Amino acid sequence: MRSDRRDSSFDLGLARQLAARLAVGAAPEASRPAQAYVRFRPAGAASAGPRGPDDEVFGPASWHRLLDRCMVAAAASASFAMGASGLLVATRGRVPGDIEHLGARLMAIMDQSVRLESLEPPCCLSVQLGRSWLTGLRVALPTSESITLGLFGPRPPDRERTQQIAQMLSERETG
């Protein structure tokens, strides 16, 4: 479709009139402050004040706090969490190599381990990689299928530490 200079879109005088009309009408609206979002709260609930990023129950900060706690419990230098779908959920510390590839391989090994008889949950496997140990821990969760945790450290955690870490993962999912 071709435009002709006689069309109203080429009329500079009309364009100036429209611009002036819009500019006059826009001033009162622009001076009113806009609300960013609305908060809903049950009637009678006391405000606890603004929540900071460290207070969030879900999201990256909560996963980082959980992985930090797991690293302390296992004396690990790095950790990562993989969801049941095989996607990387979170990572902390410096993990050597491609973390997603390593996590996918760890999950495949964990999938094969369920074929072994007389395994008590949580399932935990450790592999020596150079001077470090990669420990994989899979925990079945009540609200989703499972979570696979990878920990890098100078040695694998003992059974007591493994149970403690599994409890932390379960509490995060249910709490």
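Here, every reference points to the structure presented above.
Residues numbered from 1 in each chain as written. Predicted model: local features only at pLDDT ≥ 70, side-chain atom pairs only at ≥ 80, totals over all residues. Heavy atoms only, no water.

Asks: So what exactly am I meant to see when it comes to the sheet that holds strand S2 (residues 88-93) here?
Replies: Two pairing modes exist for strands in a sheet, parallel and antiparallel, and in both the strands are linked by backbone hydrogen bonds. Taking strand neighbours across the sheet as the criterion, the five strands line up as S2-S1-S5-S4-S3 in an open arrangement whose pairing is antiparallel. Only two strands of the sheet have a single partner each, and these edge strands are S2 and strand S3 (123-129). Strand-to-strand twist of the sheet, defined as the mean angle between neighbouring strand axes without regard to direction, takes the value 15°. Contacting strand S1 (78-82), S2 and strand S5 (146-153), helix H2 (residues 60-74) crosses the sheet at an angle of about 55° to S2. Sitting on the sheet, helix H3 (residues 99-113) is in contact with S1, S2, S3, strand S4 (132-140) and S5, with an inclination near 65° to S1. (Pairing = 2+ DSSP bridges. Helix = DSSP H or I, 4+ residues; strand = E, 2+ residues; numbered from the N terminus. Axes fitted to C-alpha atoms, helices over the stretch in contact; angles between N-to-C directions. Contact = heavy atoms within 4.5 Å.)

Asks: What exactly am I supposed to notice about H3 here?
Replies: Count 3.6 residues to each turn of an α-helix, and residues three or four apart come out pointing the same way. For H3, with 15 residues, the first-to-last C-alpha span of 21 Å sits near the 21 Å given by 1.5 Å per residue. By the burial criterion, the buried members of H3 are Ile99, Leu102, Gly103, Leu106, Met107, Met110 and Ser113. The buried residues of H3 all sit within an arc of 135° when viewed along its axis, so they share a single face. In the core, the buried residues of H3 are packed alongside S1, S2, S3, S4 and S5. (Expected span 1.5 Å × (residues − 1). Buried < 20%, exposed > 50% of the residue type's maximum accessible area, 1.4 Å probe, protein only. Arc of directions from axis to C-beta.)

Asks: I would appreciate a short explanation of the side chain of Arg138 in the present structure.
Replies: Following the sequence through the fold, Arg138 ends up in strand S4. One polar contact links Arg138 to Thr148, side chain to side chain, over a distance of 3.1 Å. Residue contacts for Arg138: discarding those within four places in its chain leaves Met107, Met110, Asp111, Pro122, Cys123, Ser146, Ile147 and Thr148. (Polar contact = N/O pair within 3.5 Å; in protein donor to acceptor, adjacent residues only side chain to side chain.)

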